[in-house]
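# Close look at the chain arrangement
For reference, the chains in residue letters:
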Amino acid sequence: MSIAAAHQDDSGEVVLAARNIAKSFGSVHALKGVNFKIHRGQVTTLFGENGAGKSTLMKILSGVLAPSSGDITLDGAPIEFSDTIEAREHGISIIHQELSLAPNLSVRDNVFMGRELTTRTGSVDYAEEARQTQLLMEELEEDIDPLTPVEELRLGQQQIVEIARALSINSRILIMDEPTSALSAAEVEVLFKVIRDLKARGVSIVYISHHLEEALQITDHAVVLRDGVMTAYARREDIDLEWIVRNMVGENFDLGSPPEAQFGDVALSIDSVSVPDASGVDLVRDLSLEVRSGEIVCIYGLMGAGRTELLEAVAGRLNLTGGRVVLDGEDISHLGIAERIRRGLVLIPEDRQRDGLVQTMSVGQNLSLASIGAFTRALFTSPKLENEVIDESIDRVHIKTSGGSAPIGSLSGGNQQKVVIGKMMATHPKVVLLDEPSRGIDIGAKAEVFKLLAERASGGVGVIYSTSEVGECLSVAHRIVVMRRGRIAAEFGPDVTKAQIMAASGEAID
Amino acid sequence: MSKSQTMTDSEGKEHKTPMFGGDFDIVRLLLEGRAFFALIAIIIVFSALSPFYFSLNNFLIMSSHVAIFGLLAIGMLLVILTGGIDLSVGSILALAGVCAGAMMQGLTAEAAGVILYPPVWVVVLLTCLVGAAIGALNGVLIAIFRVPAFVATLGTLYVARGIALLMTNGLTYNNLSGDPALGNTGFDWLGFNRLFGVPIGVIVLAVVAILAALLLTRTPFGRWVYATGGNARAADLSGVPVKFTTVMVYTLSGICAAIAGLVLSSQLTSAGPTAGTTYELTAIAAVVVGGAALSGGRGTIGGTLLGAFVIGFLADGLVIIGVSTYWQTVFTGAVIVAAVLLNSVQYSGRRRRSAGSGTPPSPKPSKPS
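Remember, it's a predicted structure, so these values are computed and weren't measured experimentally.

## Thoughts on helix H10 (residues 220–230) of chain B
- Where burial is concerned, most of H10(B) is hidden: nine out of the eleven residues are buried.
- Burial in H10(B) covers these residues: B:Pro220, B:Phe221, B:Gly222, B:Arg223, B:Val225, B:Tyr226, B:Ala227, B:Thr228 and B:Gly229.

Below, the structure is given as structure tokens:
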């Protein structure tokens, strides 16, 4: 059945329709001509993997981003939003996945931020704001004093505040981008009750969630995005979980296969490691994992599963509350980052702009940053030796650049990622940790990055990489470890199916 | 120094900003070399206005004034390159001068009942140690205890000035020339003498500048400084000892301020506790005029020296043509604002360029969706 046809003969009043929406960021095409409809008083759920374009689409509908092409009609009339305020005036509001609260302000002030109620004299009507906030909290069955500073609330409660703010606007269309990621099961139940109330009042909801099972409970229309294209559309009664998973992951783009290798000795042993967050709650709990030289291990998990915390703790950036990290038989738990790098353990961080690159330096200086000692003779660095290190790195990880002196900003996202990888490879590591190495790079560069990992592993390096895209588990990894709530939930060989991995992560419970 | 200069140049060539794209190389050249062209312009204008300005002797005298700010600015550059700020250098300068003065007047050792007159080289060494100690205190507060640099150095600004006032009771040490009988003559050599016709202060500035340029461009430490200021988190994960680097730049800034204090009190042959008030601001101005970014990671010794000369030659020129000191203040301020304005034009051009071609704002949200 054709998708377009299915979309056409669907019943129900359409409030908002987006046609052929495309959005590009530089050379990256996040959306490639998506059609999307929102029905009055119904929940439309968007399904898709990371980078499928869900959040980008929602940001366009709520006025955060402007589309590169395509048009939006609201109640049959074409419309353009220049910013979120304009979208809000048309009754469209969004609950962002990243909380957008001012932590220093109270719940009341956050709920009414930017549209403060005023008395006749023009001063802020705090009493009325507090009363309305109180009512919202009661509706959401949350016992939060409107005057509490947001920073004193736990994450789930902050999310409730975010939801309360969106509710207070009395929108006609409410977009919820992962509203439940930090909520407890009881809070999710309350939220769903609120959503049903809103539906009854004629409010349209657009819902995005990674918890497929949970989302299906309230879905009326399901839309699946993949790589910036809408791949499937159906009404709730026509579909099941299996249908969603099948349409989400689609056909495999070949990201390589596990290199044939003889594994050596255990290179890195993570032994009952626990990692706390700022408030002392363990994000990683008593986790043990080993990687042999030449082996590639993939860690899969949802947001908040503790992947990043685990890798950062092993690399020495975060402190452990328990357990130890053993490299080549030596306990390195007490060593600093520099010493761990010297001994052959490196981390390629998740956010390359924030943690990977020095933007003020050239490509070459970034590449040589972790191995300055290798080209220092007595007191001084040798430009000649440094250039050898740089040229070798550019060659080793195949960076497309005009040369080592090019500014780092002149490279594409994929090549910047290769610079971060090349920088750490230049230290000749024994074990490489990569946190979401494929984030924000296009599919071709992804394949190249995984090929690099396979090459390194064949050379005897132990590799651990994390990912939140299930398709990437089934590429070069010899072993797939699924993390869930700080623990290892399951371990698979390379012949596992995507559905099995997703089931183990808690994404799709069957 | 030469390397850092060529680095900037090659960077400039790589960056064809859309704003000054392709054919407008001359505009970019003017922008990149603005401190240099400003200096030339200042020399031409004042030479036209006053017959006394354009002479070797006047340049040397002005340079010995510049030496004080230049020394402070070199230390300040190191700090600013790491993304910090050091407001305490003016006070350290005064405290260093007062310490040197106290030692030249003789240290009373109560227990032994004698007065010690340390030789000048010991005085110089101990004074530098005082500067290093206060700088290190700044660094430890900032790197280890995470006090914001602005606040930590504002605190030491007051403390160092206060100690200098306490030591002298608010008075000034005069007559620092020493006594041949005591074997501690030669302190005024720093400020008054000339080597091959060049004032010693200028030579000191040149030596410190060359050492600092070597440190920045040719040693691992220099690379650490640039990386720390460019992106401390990335530097940390690459094994750069970020905390050590931070403590060291403040320590070096303290030493530079102490050297400046020695040169100044030697030029004046007196050491007062109120010397160097607001000099820290002049030093920051020199660094900024020299093209460094206050956000860290960008800047060169050559640029900073040019910045110091621009400010120094402008101020002295205004004095020579008889402009009132009030107007001098206005002009200096205008030059600083113009420099910062050009800095933001230059760097925002770069950012736009890198935003356009290099790193698109990630199409993916920063958390998995």
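## Overview of helix H10 (residues 307–315) of chain A
All names here are of chain A.
- In terms of burial, H10 is largely enclosed, as eight of its nine residues are buried.
- Of all the positions in H10, only Arg307, Thr308, Leu310, Leu311, Glu312, Ala313, Val314 and Ala315 are classed as buried.
- Note on H10: the residue one or two positions beyond its end, Gly316, has a positive phi of about 100°.

## Some words on the sheet that holds strand E6 (residues 92–95) of chain A
Residues and elements named next belong to chain A.
- Read across the open sheet, the six strands follow the order E6-E7-E8-E3-E9-E10; overall the sheet is mixed. Two strands close off the open sheet at either side, each with one partner strand: E6 and strand E10 (229–235). Each neighbouring strand pair of the sheet contributes to a mean axis angle of 20°, computed without reference to strand direction.
- Bridge count between strand E3 (residues 43–47) and strand E9 (residues 221–226): four bridges; the pairing is parallel. Among the inter-strand pairings, Thr44 is bridged to a residue of E9, identified as His221.
- The sheet strands contacting helix H6 (residues 155–168) are E6 and strand E7 (173–177), and the helix crosses E6 at an angle near 175°.
- Set on the sheet, helix H7 (residues 185–200) makes contact with E3, E7 and strand E8 (204–208); between it and E8 the angle comes to about 145°.

## Some words on the packing of helix H4 (residues 56–81) of chain B against helix H13 (residues 279–289) of chain B
Residues and elements named next belong to chain B.
- Here H4 crosses H13 at 70°, and the two axes come no closer than 8 Å. Of the possible angle classes, the one that applies to H4 and H13 is roughly perpendicular. Between H4 and H13 the crossing geometry is right-handed. Of the residues in H13, those in contact with Ile68, Phe69, Leu72, Ala73, Met76, Leu77 and Ile80 of H4 are Tyr279, Glu280, Thr282, Ala283, Ile284, Ala286 and Val287.

## Re the domain arrangement of chain A
Residues and elements named next belong to chain A.
- Per the domain assignment, the segments of chain A are domain 1 (3–91 + 171–249), domain 2 (103–170) and domain 3 (266–505).
- Buried area between domain 1 and domain 2, summed over both chains or domains, comes out near 1,400 Å², and the portion from carbon and sulfur atoms is 56%.
- Summed over the three residues of domain 1 that lose the most area to domain 2, namely Arg88, Ser171 and Glu187, the buried surface amounts to 35% of that side.
- Along the contact surface separating domain 1 from domain 2 lie two salt bridges.
- On the surface where domain 1 and domain 2 come into contact, there are four residue pairs in polar contact (both at pLDDT 80 or more).
- Among the elements that line the side of domain 1 that touches domain 2, the one with the most residues is H7, at six residues.
- Classifying every residue of the side of domain 1 that touches domain 2 gives eight nonpolar, three polar and six charged.

## Let's talk about the nonpolar core
- Counting residues in each nonpolar core, the largest one holds 126 residues, and the members touching the most others are A:Leu268, A:Leu433 and A:Ile464.
- A:Leu433 has contacts with A:Leu268, A:Leu311, A:Val314, A:Ala315, A:Leu345, A:Val346, A:Leu347, A:Ile348 and A:Ile464, leaving out every residue within four places of it along the chain.
- B:Ala73, B:Ile85, B:Val225 and B:Val240 belong to the second-largest nonpolar core, a separate cluster that totals 98 residues.

## Looking at the packing of aromatic side chains
Residue and element names in this part refer to chain B.
- In the structure shown here, the tally under the stated rule is 13 aromatic pairs over all chains.
- Look at Phe36 and Phe37: their rings are 5.8 Å apart centre to centre, the planes differ by 70°, and that puts the pair in the edge-to-face class.
- Residue Phe36 is classed as partly exposed on the basis of its relative accessible area, which comes to 42%.
- Since its relative accessible area comes to 34%, Phe37 is described here as partly exposed.

## Looking at the pattern of salt bridges
- Counting across every chain of the model gives 29 salt bridges over all chains.
- Of the charged contacts, one joins A:Asp75 and A:Arg172 as a salt bridge, the two residues approaching to 3.1 Å between their closest N and O atoms. Note that A:Asp75 is positioned in the loop between strand E4 (69–74) and strand E5 (77–79) and A:Arg172 in the loop between H6 and E7, a separation of 97 residues in sequence.
- Classification of A:Asp75 by relative accessible area gives partly exposed; the value is 45%.
- Shared partners join several salt bridges into a network, and the residues in it are A:Glu312, A:Arg317, A:Arg354, A:Asp355 and B:Arg233.

## Some remarks on the packing of helix H3 (residues 34–49) of chain B against helix H14 (residues 301–320) of chain B
Residue and element names in this part refer to chain B.
- Axis separation between H3 and H14 bottoms out at 9 Å; the angle between their running directions is 20°. As far as their axial angle goes, H14 and H3 are roughly parallel. Handedness of the crossing formed by H3 with H14: left-handed. Only Leu306, Phe309, Val310, Phe313, Leu314, Gly317 and Leu318 of H14 make contact with H3, whose side of the interface consists of Ala35, Phe36, Ala38, Leu39, Ile42, Ile43 and Phe46.
- A class-by-class count of the residues in the contact of H3 with H14 yields 13 nonpolar, one polar and no charged.

## Some words on a nonpolar patch on the surface
- A contiguous nonpolar patch, built from A:Leu379, A:Phe380, B:Val207, B:Ile210, B:Leu211 and B:Leu214 and spanning about 550 Å² of accessible area, is present on the exposed surface.
- Looking at the nonpolar patch element by element, the count peaks at four residues for helix H9 (residues 200–218) of chain B.
- On the secondary structure map, A:Leu379 appears in the loop between strand E17 (376–377) and strand E18 (380–381).
- On the basis of relative accessible area, A:Leu379 is assigned to the exposed category, the value being 62%.

## Some details on the side chain of B:Ser64
Residue and element names in this part refer to chain B.
- By secondary structure assignment, the location of Ser64 is in helix H4.
- For Ser64, a relative accessible area of 12% gives the class buried.
- In contact with Ser64, other than residues within four places in its own chain, are Pro199, Val202 and Gln267.

## What about unusual backbone geometry?
Residue and element names in this part refer to chain A.
- Residue Asp328 is not a glycine yet carries a positive backbone phi of 50°.
- The topology assignment puts Asp328 in the loop between strand E14 (322–327) and strand E15 (330–331).
- Despite not being glycine, Ala378 has its phi angle at roughly 55°, a positive value.
- One can find Ala378 in the loop between E17 and E18.
- What makes Ala378 exposed here is its relative accessible area of 83%.

## Considerations on the environment of B:Leu157
All names here are of chain B.
- Its location among the elements puts Leu157 in helix H7 (residues 149–168).
- Note on Leu157: relative accessible area 17%, which makes it buried.
- As for Leu157 and Leu107, which are separated by 50 residues in sequence, their C-alpha atoms are 25 Å apart.

## Quick notes on the sheet that holds strand E13 (residues 296–301) of chain A
All names here are of chain A.
- Reading across from one edge, E16-E19-E20-E13-E21-E22 is the order of the six strands in this open sheet, with mixed pairing throughout. For this open sheet the edge positions go to strand E16 (345–348) and strand E22 (487–492), each flanked by a neighbour on one side alone. Strand after strand, the sheet turns through a mean of 20° between neighbouring axes, direction not considered.
- Bridging between E13 and strand E21 (residues 479–484) involves five bridges; their strand directions are parallel.

## What to know about the state of the cysteines
Residue and element names in this part refer to chain B.
- According to the stated counting rule, one finds zero disulfides over all chains in the structure shown.
- Not engaged in a disulfide, the cysteine Cys99 finds its nearest cysteine sulfur in Cys128; these two sulfurs lie 11 Å apart.
- Given the relative accessible area of 12%, Cys99 is considered buried.
- As a non-bridged cysteine, Cys256 has Cys128 as the owner of its nearest cysteine sulfur, 9.3 Å distant.

## As for the confidence of the model for chain A
- Averaged over every residue, the pLDDT of chain A is 84; residues scoring 70 or more account for 94%.
- Contacts of residues 1–10 of chain A to residues separated by more than four positions or lying in other chains number 16 contacts, the stretch itself having pLDDT below 50.

## A look at a positive patch on the surface
- Taken together, the side chains of A:Arg285, A:Arg484, A:Arg485 and A:Arg487 make up a positively charged region of the molecular surface.
- Relative to the assigned elements, A:Arg487 resides in strand E22.

What counts, and at which threshold
- Residues numbered from 1 in each chain as written.
- Chains lettered and ligands numbered in written order.
- Predicted model: local features only at pLDDT ≥ 70, side-chain atom pairs only at ≥ 80, totals over all residues.
- Heavy atoms only, no water.
- Buried < 20%, exposed > 50% of the residue type's maximum accessible area, 1.4 Å probe, protein only.
- Helix = DSSP H or I, 4+ residues; strand = E, 2+ residues; numbered from the N terminus.
- Pairing = 2+ DSSP bridges.
- Axes fitted to C-alpha atoms, helices over the stretch in contact; angles between N-to-C directions.
- Contact = heavy atoms within 4.5 Å.
- Parallel < 35°, antiparallel > 145°, perpendicular 65-115°, else oblique.
- Left-handed = near helix turned anticlockwise from the far one by under 90°.
- Domains from an automatic or database assignment.
- Buried area = accessible area lost by both parts, 1.4 Å probe.
- Salt bridge = Lys/Arg side-chain N within 4 Å of Asp/Glu carboxyl O.
- Polar contact = N/O pair within 3.5 Å; in protein donor to acceptor, adjacent residues only side chain to side chain.
- Nonpolar A, V, L, I, M, F, W, Y, C, P; charged D, E, K, R; others polar.
- Core = buried A, V, L, I, M, F, W, Y, C linked by side-chain atoms within 4.5 Å.
- Phe/Tyr/Trp six-rings, centres within 6.5 Å; stacked < 30°, edge-to-face > 60°.
- Patch = residues over 30% accessible without salt bridge, like charges linked within 9 Å, V, L, I, M, F, W, Y side chains within 5 Å.
- Areas by Shrake-Rupley, 256 points an atom, 1.4 Å probe, with all protein chains shown as cover.
- Disulfide = S-S within 2.5 Å.
- pLDDT = per-residue confidence, 0-100.
- Lys, Arg positive; Asp, Glu negative; His and termini not counted.
- Charge placed at Lys NZ, Arg CZ, Asp CG, Glu CD.

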